[in-house]
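Fold and contact review
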Amino acid sequence: MAIYVMSDIHGCYDEFKALLKKINFKHSQDQLYLVGDLINRGPKSLAVMEYLMSHPTSIFPVLGNHDLSYLVYAAGETRLRKGDTYDEVAQSPDAKKIKKYLKKQPLMRYIPKLNVAIAHAGIPPFWSIAQALSLSHEIHEQLTTDDKKNYQHLMQKMFGNTPAAWDESLTGIDRTRAIINYFTRMRYLNLDLSMDFDNKTENYDAKIMKPWFQFDRALHQNCKIIYGHWASLGIHDENGTLCIDSGCVWEGELSVVQIDSPTFKLTSFSF
Ligand SMILES: [Mn+2]
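Worth saying up front: this structure is predicted, and the values here are computed from it rather than measured.

1. Remarks on the coordination of the manganese ion
Taken together, Asp37 (OD), Asn65 (OD1), His120 (NE2) and His229 (ND1) make up the full set of protein donors to the manganese ion, lying 2.2 to 2.4 Å away. According to the relative accessible area criterion, His229 is buried, its value standing at 9%.

As structure tokens, this is what we get:
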């Protein structure tokens, strides 16, 4: 048995299948975790979703910002942005099933026996792993609610850049948005630990901000965090955290790391 974490697939179904073949992945005995951004931008989002849904006992995704954005779109709450390829999924006969599947996925997963956590953008330094799991669960409850009015409200208000900072006393949609943004959109944190939403490059003024993983992570108690989202950063191992987004959909590679191997063996693929 082997346990893997794979980077942002973004609808790159052919690369996804080729990479599984390259590592000789066996659904009967291996486990595959996904860092999110399963769909959008790439050519075959529907095929990716069909494949994930047909392997519920071996594939375990977390949600990325593009997956959440799809849910918002499927709820009729946003117009397509340039480059979005959601219609293939939204107009498929399985659209309802796909929506149900995505809503059930968490923002974070934790594997106790390996002390490894997985979240799309990472986990901010001021949440313990236990607290982060509990916050992920708060959002899970909201996404899986039977209350249609509350769900629609969440879809209407999910995205936005405020509040930019976490505060334990946040409530309602502000709290929800802050949790979702830290888990799925974070890159740089300002020195006051608020999120910077603009800088996607590798250049920054250290007097103002730092990448989230450079802050003191004592609260995480040596938990290894594996994340994606930051394609321009690429494969990046620093301070007990590992970015595996090697930008498959941006003409880069799709990557997978075996987390139950002592060396965290990395395998990548591109055509
Ligand atoms: Mn992303």
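There's more to say after this.
2. With respect to the environment of Ile118
Residue position: Ile118 is located in strand S5 (residues 116-119). With relative accessibility at 0%, the residue Ile118 sits in the buried group. Residues Ile118 and Ala165, 47 residues apart in the sequence, show an inter-C-alpha distance of 21 Å. Excluding residues within four positions of it along the chain, Ile118 makes contact with Val5, Tyr33, Leu34, Val35, Val62, Leu107, Met108, Arg109, Ile111 and Ile226.

3. A closer look at the layout of surface pockets
For the largest pocket, the calculated volume is near 800 Å³. Secondary structure elements with two or more residues in the lining of the largest pocket: helix H3 (65-74) and helix H7 (148-157). The element contributing the most residues to the lining of the largest pocket is H3, with five residues. The calculated volume of the second largest pocket comes to roughly 350 Å³. In terms of lining, the second largest pocket is formed by 13 residues, of which the most central are Lys99, Lys103, Thr145, Lys148 and Tyr151.

4. Some details on the packing of H3 against helix H5 (residues 95-103)
Helices that pack against each other are described as a pair by the angle of their axes relative to one another and the distance between those axes. Axis separation between H3 and H5 bottoms out at 10 Å; the angle between their running directions is 135 degrees. By the angle between their axes, H3 is oblique relative to H5. Viewed along their axes, H3 and H5 form a crossing whose handedness is left-handed. For the pair formed by H3 and H5, the contact residues are Asp67, Tyr70, Leu71 and Ala74 on the first element and Lys99, Leu102 and Lys103 on the second. Of the residues assigned to the contact of H3 with H5, the class counts are four nonpolar, no polar and three charged.

5. Quick look at the sheet that holds strand S10 (residues 236-238)
What holds strands together in a sheet is hydrogen bonding between their backbones, with the strands either parallel or antiparallel. The sheet built from five strands is open, its strands ordered S4-S5-S9-S11-S10 with mixed pairing. Edge positions in the sheet fall to strand S4 (108-111) and S10, since each has one partner strand and no second. Neighbour-to-neighbour, the strand axes of the sheet open up by a mean angle of 15 degrees, direction not taken into account. Sheet topology note: the S10/strand S11 (residues 241-243) ladder contains three bridges and is antiparallel. In the strand pairing of S11, His236 is matched with Cys243.

6. Here we look at the environment of Leu242
When you line up the elements, Leu242 lands in strand S11. Separated by 142 residues in sequence, Leu242 and Lys100 place their C-alpha atoms 30 Å apart.

Here is what the cut-offs are and how they apply
Residues numbered from 1 in each chain as written. Predicted model: local features only at pLDDT ≥ 70, side-chain atom pairs only at ≥ 80, totals over all residues. Heavy atoms only, no water. Donors = N, O, S within 2.8 Å, 3.2 Å for Na, K, Ca; no water. Buried < 20%, exposed > 50% of the residue type's maximum accessible area, 1.4 Å probe, protein only. Helix = DSSP H or I, 4+ residues; strand = E, 2+ residues; numbered from the N terminus. Contact = heavy atoms within 4.5 Å. 1 Å grid on protein atoms, 1.4 Å probe; cavity = no way out; pocket = protein on both sides within 12 Å on 5 of 7 lines; lining within 4 Å. Points joined across faces, edges and corners; volume = space filled by probe spheres on them. Axes fitted to C-alpha atoms, helices over the stretch in contact; angles between N-to-C directions. Parallel < 35°, antiparallel > 145°, perpendicular 65-115°, else oblique. Left-handed = near helix turned anticlockwise from the far one by under 90°. Nonpolar A, V, L, I, M, F, W, Y, C, P; charged D, E, K, R; others polar. Pairing = 2+ DSSP bridges.

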